[in-house]
Amino acid sequence: MFRGFTRGRRGGRIGGNRQNLGVLLLALQIFQFGIDRIPIVTLVTLLTNIGVYLHVPELFDVSLPKVQDICISYQGVVAYREYNRLILSGFYHLSDMHLYYNMASFLYKGTKLEPRLGTARFATVIGSLVVGSSAVYCALQYVAAQLLGPSHLYTCAAGFSCVLFGLKVIMQSTSPPSHSLFGFPIHMAYWSELIWISIISPNSSFVGHLAGIVMGLLMTKGPLNFLLTGETPAFFEGGVRNQRTWGSGVASGGSSGGSSGTRAGRTNYQNSHVNGNAEQEDAELQEAIRRSLEEENSRRPYPPRGNPGSSEPRGYTPGRLYPDLPPQPSAPPAPEYGGGGYHDNQHDPSQAPSLPADLDEIRRRRVHRFE
């Protein structure tokens, strides 16, 4: 994203007298990488930026606005209410090399992130970064005007760099903190890039790049985390829940004391509400079990236990699941056998029938019984 350009200056035009060396280098890099290997959202975004720079729509009698009419600034968006600047400013570049560096960087980041996020979610992230970083840029311009002077309200910028810095934050948030770049941990290297780009290219927009970093942090560690995780945000569900930080797998907490205290209070309220519902469901379950036992016991023909006027169900015994069974008559003791004869301790052994002495006698008696 560049700022402070000359009014009336436009990007390269097909048939114009400006050299498009950056466009040729970008086309060579795209074909070398392989068009078939570029994901669809990344490819469409690349072609859109190239087509706007080359004014391809004008070949079909579709006029494009001038850069000064769509560049992002607090005055243009807030004072003049030209809200189309929030979107169009990200797709305009001021030179062919500006386009080349931005799109070459986006080619690398898009081919890495789009397969991880998915086509629809990556398109949502790109759109959110374009609009969100422009809105944050206007807010930062207002703060700078209050601190450094009103001239910052009129500074105009354009380019895709704000989106690229947001994608840097998303990519580097998953990097291990053990590595460093220019003295910064690798997962925070976008801060060093912000400083070095401002030193190397003074014409670049420091506020625009900072706006992209802020939007990236809001997506990775802030309330816009649902754009990356795909989870429904808490304010859509009507409740409060912990947010899963992108790439870390743990819940993110607030950085300020008031914010974390409010979040902790809401979380405790939610937990107490859940515990209360669990206790109520447990009580309802116990009551349903008791009523079921009462209905089951009322169908049994057993007489009630305890006092006749008691409210206990029929056959109900406190502390026991099943009712007591009535006493049943006992069977007489079984006779005892032993020693080759019949013995019964309750009868006279002399009255007991005698058993045959051998097998021949048994056969004779069987034959005699059927005669």
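Asker: Mind laying out the state of the cysteines, listing which residues take part and the relevant values?
Answerer: Overall, the coordinates contain one disulfide when judged by the stated rule. Covalent S-S linkage joins C71 and C156, the inter-sulfur distance amounting to 1.6 Å. Residues C71 and C156 are joined by a disulfide whose S-S torsion is about 100 degrees; by sign, that bridge is right-handed. Pair noted here: C71 is in the loop between helix 3 (67-70) and helix 4 (74-79) and C156 is in the loop between helix 7 (119-148) and strand 2 (157-158), with a separation of 85 residues, a long-range link. Overall, the relative accessible area of 13% leaves C156 in the buried class. Its sulfur unpaired, C138 is 9.4 Å from the next cysteine sulfur, which belongs to C156.

Asker: Break down the side chain of S105 for me, with residues and values.
Answerer: Among the structural elements, S105 can be located in helix 6 (residues 96-117). A relative accessible area of 18% means that S105 is categorised as buried. If we ignore the near neighbours within four places in the chain, the residues touching S105 are L164 and K168.

Asker: Account for the environment of L21, with residues named and values stated.
Answerer: In this fold, L21 is placed in helix 1 (residues 21-33). The exposure class assigned to L21 is partly exposed, which follows from its relative accessible area of 48%. The sequence separation of L21 and Y100 amounts to 79 residues, and the corresponding C-alpha distance is 8.9 Å.

Asker: Pulling in residues and values, what's your account of the nonpolar core?
Answerer: Grouped together as the largest cluster of nonpolar side chains are 47 residues, with contacts concentrated most on F160 and L167. Every element with two or more residues in this core is listed here: helix 1, helix 2 (40-53), helix 4, helix 6, helix 7, helix 8 (161-172), helix 10 (206-221) and helix 11 (226-229). The biggest single contributor to this core is helix 7, with nine residues. Apart from the residues lying within four places of it in its own chain, the contact partners of L167 are F106, K109, L113, F122, V125, I126 and L129. Counting residues in hydrophobic clusters, the runner-up holds nine residues, among them V52, C71, Y92 and C156.

Asker: Break down unusual backbone geometry for me, with residues and values.
Answerer: Despite not being glycine, D61 has its phi angle at roughly 60 degrees, a positive value. Tracing the chain through its elements places D61 in the loop between helix 2 and helix 3. With a relative accessible area of 76%, D61 lands in the exposed category. Its identity is not glycine, yet R81 carries a phi of approximately 55 degrees, on the positive side. Locating R81 in the fold gives a position in the loop between helix 4 and helix 5 (85-88). Relative accessible area serves as the criterion here: at 62%, R81 is assigned to the exposed category.

Asker: Got a sec to walk through the packing of aromatic side chains? Specific residues and values, please.
Answerer: A full pass over the atoms with the stated rule returns six aromatic pairs. Relative to F160, the ring of F91 has its centre 6.0 Å away and its plane inclined at 50 degrees; by these criteria the two rings are tilted. Of the two residues, F91 sits in the loop between helix 5 and helix 6 while F160 sits in the loop between strand 2 and helix 8, which places them 69 residues apart along the sequence. Each member of the pair, F91 as well as F160, carries the same accessibility label: buried. Summarising the aromatic geometry, the rings of Y190 and W191 are spaced 5.5 Å apart at their centres and angled 50 degrees between planes, so their arrangement reads as tilted. Overall, the relative accessible area of 4% leaves Y190 in the buried class. With relative accessibility at 26%, the residue W191 sits in the partly exposed group. Ring pairs connect the aromatic residues F91, F106, F122 and F160, which therefore count as one cluster. Sitting above the plane of the F33 ring, R37 keeps its charged end 4.4 Å from the centroid.

Asker: Tell me about the pattern of salt bridges, and please be specific about residues and values.
Answerer: According to the stated counting rule, one finds two salt bridges in the structure shown. A salt bridge links R85 to E82, with the shortest nitrogen-to-oxygen separation between them at 2.5 Å. Residue class for R85 comes out buried when judged on its relative accessible area of 7%. Put simply, E193 and K168 hold a salt bridge, and the shortest N to O gap is 2.8 Å.

Rules used throughout
Residues numbered from 1 in each chain as written. Predicted model: local features only at pLDDT ≥ 70, side-chain atom pairs only at ≥ 80, totals over all residues. Heavy atoms only, no water. Disulfide = S-S within 2.5 Å. Helix = DSSP H or I, 4+ residues; strand = E, 2+ residues; numbered from the N terminus. Buried < 20%, exposed > 50% of the residue type's maximum accessible area, 1.4 Å probe, protein only. Contact = heavy atoms within 4.5 Å. Core = buried A, V, L, I, M, F, W, Y, C linked by side-chain atoms within 4.5 Å. Phe/Tyr/Trp six-rings, centres within 6.5 Å; stacked < 30°, edge-to-face > 60°. Lys NZ or Arg CZ within 6 Å of the ring centre and 35° of its normal. Salt bridge = Lys/Arg side-chain N within 4 Å of Asp/Glu carboxyl O.

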